[in-house]
Amino acid sequence: MSKKIQSALISVFYKDGLDNIVKELSALGITIYSTGGTQSFIEGLGIPVTPVESLTSYPSILGGRVKTLHPSVFGGILGKRNDTTHLQEMKDFNIPEIDLVIVDLYPFEETVASTSEEKAIIEKIDIGGPSMIRAAAKNFSDVVVVAAKKDYITLENLLKEQKGETTLEQRKLFALKAFEVVGHYDVAIAKYFSQSLQGQHDSAYFLESATPSHSLRYAENPHQAGRFYGPLEKLFSQLNGKELSYNNLVDVDAALQLIKDLNSLSDTISFAIIKHSNVCGTAQRATVDQAWEAALAGDPESAFGGVLVTNGTINEATAKAINEIFFEVLIAPAFDESALQLLKSKKNRILLQSLALPDNRVQFKSILNGVLIQQTDEGNYTEWKETGGRDTTDTEKDDLVFANLICKHLKSNAIALVKNRQLIGKGCGQTSRIDSLRQAIEKARQFAVGLEGAVMASDAFFPFDDCVKMGHEAGIAAYIQPGGSIRDNDSINYCKANNLAMVITGMRHFRH
């Protein structure tokens, strides 16, 4: 059913983009009610506006906490136009009908991001705004509600094209958007209180909300629809290439999470290649071109179509080397201009300039008829317990720390073989640990990488001594694992008998 707007209530924090709407409302002869700063803004445009106080007979009180919370306002929004009882009561109490509500919300999230002062944050919890938005959205049969400035242009076009009239479908869509805005706002407030109480409360609800929304070409496969929710622009800027796909985003996340961990080891230049969210090559070296060469050498076959990431600046020499292979995405904090122009030679190649690293503290997974939630896997090891036939050398320790961290970024069961801070062999996603080791050794041998002097990391305990036996036969002399098996001593005793080093960390890194 089409309805013509006769009156509007406008009370917004953000005024930009509002002037065209106000002018259009005035040109259509629509009565405008407003309050506070919005009223002053409209008056500054030379447009007639009626103060809300004239309806309520109350000024803004309690330092602005109470302005619009009054039956004369909410009655005008909630009154049913097709209900004779409602209409009579509105007439008896001199309550005007309000057909359009333009209200946004105090910048709560922005305030939380800019200060830790609780008093300032609490004052940005909007009360009247969400109440008016919900009231108008509930009464969408008669009322249009606009709850975010991103919808100003839509409203402006409707006013111009339909001369102040709206259809039921249009009003219902505005109502849906309004409830989404309020829902996101309430979740942000609840999360702030939860974080400020530092885990003192176990919530009975799964409360998460993210914005903005990014449409994707498709999801994991072409027949699946997909979207991403979140401010990607805070993490990187896209310099070239096609739109990021669902699978690209999964691998970009894996790449940035790995670089974040590698940065925690040292300020050395790191380079890594990600494929299907697993590390297939990585190394740390003195220069970015050396790091790239070493990362690629670990598995040049799997690098095809991968996601590349570094914490160093891409120079022209490195760009020329990278340009020789096909890859989907390259992420770096900076690009020399000559390198950037070279890499841009292929229009679909995605180049991302990293601006920040992810700082998620929790992870979610939709399973069965609900959601699993867990803390992110932070850290590398909780203890360093030398349990083998000898202590690790300084070089072995350096490589074991590196290898253990790499294992964290491989699908379980995971084995990482490392030599001189270079991943030279890996096994991942196998149903038995010994199969992952066979895969890792085969990878190293496939690319003629010698295993003498290499170290081995396992994401979980060795259930038997077969892995250390196989590793020893291949030339590996130092091992790191979390321990925790009832048969830990089988592997430990083998290491002692054969003068091999073994470290127990006490921290498992399963990744399913």
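Preceding this section is the structure that the text describes.
Residues numbered from 1 in each chain as written. Predicted model: local features only at pLDDT ≥ 70, side-chain atom pairs only at ≥ 80, totals over all residues. Heavy atoms only, no water.

S.K.: Looking at this model, I keep getting lost on the overall build of the chain. Mind explaining?
M.R.: Each helix and strand counted, the chain has 18 helices and 23 strands in total. Against the 2.2 N^0.38 benchmark of 24 Å for 512 residues, the chain shows a C-alpha radius of gyration of 30 Å, more extended than a compact globule. The dimensions of the chain, computed from C-alpha atoms along their principal axes, are 95 × 50 × 40 Å. Among the 512 residues that make up the chain, the fraction classed as buried is 46%. Considering only contacts in the chain between residues 6 or more positions apart, those separated by 24 or more positions represent 58%. Total accessible area on the chain is roughly 25100 Å²; 51% of this is exposed by carbon and sulfur atoms. Both charge centroids of the chain, one from 52 positive and one from 62 negative side chains, sit 3 Å from each other. (Helix = DSSP H or I, 4+ residues; strand = E, 2+ residues; numbered from the N terminus. Rg over C-alpha atoms; globule rule 2.2 N^0.38 Å. Buried < 20%, exposed > 50% of the residue type's maximum accessible area, 1.4 Å probe, protein only. Contact = heavy atoms within 4.5 Å. Areas by Shrake-Rupley, 256 points an atom, 1.4 Å probe, with all protein chains shown as cover. Lys, Arg positive; Asp, Glu negative; His and termini not counted. Charge placed at Lys NZ, Arg CZ, Asp CG, Glu CD.)

S.K.: Honestly, helix α18 (residues 488-497) in this entry has me stumped. Any pointers?
M.R.: Because the α-helix completes a turn every 3.6 residues, residues three or four places apart line up on one side. Those residues of α18 that sit buried are Asp488, Ser491, Ile492, Tyr494 and Cys495. For α18, the arc enclosing every buried residue in end-on projection is 160°, short of the 170-degree limit, so these residues lie on one face. Buried residues in α18 make contact with α17 (466-474), β22 (478-481) and β23 (501-504). Phi turns positive one or two residues past the end of α18, at asparagine 499, with a value near 55°. (Arc of directions from axis to C-beta.)

S.K.: What is the right way to look at the sheet that holds strand β13 (residues 306-310) in this model?
M.R.: Each strand in a sheet pairs with its neighbour through backbone hydrogen bonds, running either in the same direction (parallel) or in the opposite one (antiparallel). Taken in spatial order, the 6 strands of this open sheet run β10-β15-β14-β13-β11-β12, and their pairing is mixed. Either end of the sheet is taken by a strand with one partner, and the two such strands are β10 (236-240) and β12 (278-285). When the angles between neighbouring strand axes are averaged without regard to direction, this sheet yields 20°. Sheet topology places strand β14 (residues 327-332) next to strand β15 (residues 350-354); 4 bridges connect them, and they run parallel. (Pairing = 2+ DSSP bridges. Axes fitted to C-alpha atoms, helices over the stretch in contact; angles between N-to-C directions.)

S.K.: What am I meant to see in the packing of helix α1 (residues 19-27) against helix α9 (residues 152-162) here?
M.R.: Each pair of packed helices can be summarised by the angle the axes make with each other and by the distance between the axes. Two numbers describe how α1 lies on α9: the axes approach to 9 Å, and their chain directions differ by 25°. Classed by the angle they form, the pair α1 and α9 counts as roughly parallel. Along this stretch, α1 crosses α9, giving a crossing that reads as left-handed. From α1, Asn20, Ile21, Glu24 and Leu25 reach across to α9, where they touch Tyr152, Leu155, Glu156, Leu159 and Lys160. A breakdown of the residues in the contact of α1 with α9 according to their chemical character gives 5 nonpolar, 1 polar and 3 charged. (Parallel < 35°, antiparallel > 145°, perpendicular 65-115°, else oblique. Left-handed = near helix turned anticlockwise from the far one by under 90°. Nonpolar A, V, L, I, M, F, W, Y, C, P; charged D, E, K, R; others polar.)

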